[in-house]
Amino acid sequence: MDSRTAAKRELRRSKRLRQGQRNFSQTQRDAPANPRTPQPPGSRPLTEQNLSEFNSILDNKTSSKSTTTQPETTTTTTTTTTTTSLGWSPMDAYQNGIDLVHGGDPPTNAQAIRDKLRSRRESKSPSRNRFKRYGDRIAESMNEATAAWFVQSCVLNLDGGREGSSFAFSQRLNGLPKDAGFNNNMPAPQPDFIQGLHATQFRWVSGKAVPGAFFDPQDRNSIGLAHIAGEWKQFQGGLNIAQQQAAYDGAALVYGRNRALEAMGTADPAGHAGLLTFATDGRTLDIFAHYAAPGQEDDEDDDQEAGEEDGERKVYYRYHKIATADLCSTYQGFRDGCWMVRNAQYHAVE
């Protein structure tokens, strides 16, 4: 074999080798990607397009998991108990006489309450820096416990108040008698915040003698005659639920107040609101006034139509939105909201 023939054979061999490499590379490119291992963004720069693609990958993973995972119904934190529902049936509340519509008849002392909420006391107004920090951080809160911390630290007054006052977070009202009329077939309310007087301020009466006036008559550190309760939810989420929980809280406090007044031989004037609640989602703050009244049908002489129970006239528990504020849009709104809540706290222990 001459050198010319050998060179031609080597050239053909090199061509076949290169063609094989090209075929293998094409096969690798055409092979389907493993559906179980989606390609991550890797170390690509954090451009808007790449971040959007990354979010889409996460959304797809979340949606695929949601088809096999049961949704959580209750999440417990160290600060407050968060539920995706009320924990009780609105129909039960309605049948027990609790009004869940806060746009009903205002109490007879509505204007006096508004004036008290808007009054300026000697305590210092919240600063603009506090408003800015609150607005920035409340919007970034990832869950209800975080939002609650900002409301507690920036809106509530936990340092002031008269001597002998006391407050509690997420305290179940165990001192209420079961099936007292307003709470039939319902669990005891558990406000996110509640404030009243320490049990030591009531040496004149036993907690057991006034049903519902004390959180826990067996506990010497119990709070008595609470006149303010609050409910909060995650930022801009679940305000309606917080409002309905406030309606139940308020009915419980009205019940305890009325029992205490009975023990002293007196009663509130008809339509008079003696206590307040608030509900907030971090942005909107609503304050409600609560009172008890007989239903309109109870004004008639027909006791059967009046909803009489066990020989007693049925009591209806009303609540009315008395004031509202936007805590995030303006400094004035934030300042007004803080003043209203703190004045409501003063009202609770005066």
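Predicted model only: the values in this text are computed from it and were never measured. (Residues numbered from 1 in each chain as written. Predicted model: local features only at pLDDT ≥ 70, side-chain atom pairs only at ≥ 80, totals over all residues. Heavy atoms only, no water.)

Caption draft 1: Representation of the overall build of the protein. When helices and strands are counted, the protein shows eight helices and eight strands. Taken across its 350 residues, the protein has 41% of its residues classed as buried. In the protein, 73% of the contacts between residues at least 6 apart in sequence involve partners at least 24 apart. Just so you have it, the protein exposes about 20500 Å², and 48% of that area is on carbon and sulfur atoms. (Helix = DSSP H or I, 4+ residues; strand = E, 2+ residues; numbered from the N terminus. Buried < 20%, exposed > 50% of the residue type's maximum accessible area, 1.4 Å probe, protein only. Contact = heavy atoms within 4.5 Å. Areas by Shrake-Rupley, 256 points an atom, 1.4 Å probe, with all protein chains shown as cover.)

Caption draft 2: Highlighting the environment of Gly 238. Tracing the sequence through the fold places Gly 238 in the loop between strand S5 (223-232) and helix H7 (239-263). According to the relative accessible area criterion, Gly 238 is partly exposed, its value standing at 35%. Separated by 43 residues in sequence, Gly 238 and Asp 281 have C-alpha atoms that sit 6.9 Å apart.

Caption draft 3: Seen up close, the packing of aromatic side chains. Per the counting criterion, the structure on display carries 15 aromatic pairs. Centre to centre, the rings of Phe 167 and Phe 193 are 6.1 Å apart; their planes meet at 35°, and the pair counts as tilted. Placement of Phe 167 in strand S3 (residues 165-169) and of Phe 193 in strand S4 (residues 193-198) is noted, with a sequence separation of 26 residues between them. Overall, Phe 167 belongs to the partly exposed group, its relative accessible area being 33%. Between Phe 182 and Tyr 248, the aromatic rings sit 6.2 Å apart at their centres with planes inclined by 55°, giving tilted as the arrangement. Pair noted here: Phe 182 is in the loop between S3 and S4 and Tyr 248 is in helix H7, with a separation of 66 residues, a long-range link. A single burial state applies to Phe 182 and to Tyr 248, both of which are buried. The rings of Trp 88, Phe 182, Tyr 248, Tyr 255 and Tyr 317 are connected pair by pair, giving a single aromatic cluster. Against the face of Tyr 255 rests Arg 259, its NZ or CZ located 4.7 Å from the ring centre. (Phe/Tyr/Trp six-rings, centres within 6.5 Å; stacked < 30°, edge-to-face > 60°. Lys NZ or Arg CZ within 6 Å of the ring centre and 35° of its normal.)

Caption draft 4: Spotlight on the sheet that holds S5. If you walk across this open sheet you meet the six strands as S3-S4-S5-S6-S7-S8, and the pairing is mixed. Across the chains shown, the open sheet's two edge strands, defined by having one partner strand only, are S3 and strand S8 (315-326). Strand-to-strand twist across the sheet, computed as the mean angle between neighbouring axes with direction ignored, equals 25°. Pairing geometry for S5 and strand S6 (residues 275-280), over five bridges, is parallel. Residue pairing across strands places Trp 232 opposite Thr 280, the latter belonging to S6. Seen against the sheet, helix H6 (residues 144-154) touches S3, S5 and S6 and runs at an angle of roughly 120° to S5. (Pairing = 2+ DSSP bridges. Axes fitted to C-alpha atoms, helices over the stretch in contact; angles between N-to-C directions.)

Caption draft 5: Seen up close, H7. Helix length check: H7 (25 residues) gives 36 Å between terminal C-alpha atoms against 36 Å at 1.5 Å per residue, within 8%. Among the 25 residues that make up H7, 20 are buried, leaving the element largely enclosed by the rest of the structure. Phi turns positive, to about 80°, at Gly 265, one or two residues after H7. (Expected span 1.5 Å × (residues − 1).)

Caption draft 6: Layout of the nonpolar core. Leu 117, Tyr 134, Val 155, Phe 278, Ile 322 and Phe 334 are the most contacted members of the largest nonpolar core, which totals 37 residues. Looking at this core, the element that brings in the most residues is helix H8 (residues 331-349), giving seven residues. Setting aside its immediate chain neighbours within four residues, Val 155 contacts Tyr 134, Phe 150, Leu 327, Phe 334, Cys 338, Val 341 and Arg 342. Counting residues in hydrophobic clusters, the runner-up holds 29 residues, among them Trp 88, Leu 239, Ala 247 and Leu 275. (Core = buried A, V, L, I, M, F, W, Y, C linked by side-chain atoms within 4.5 Å.)

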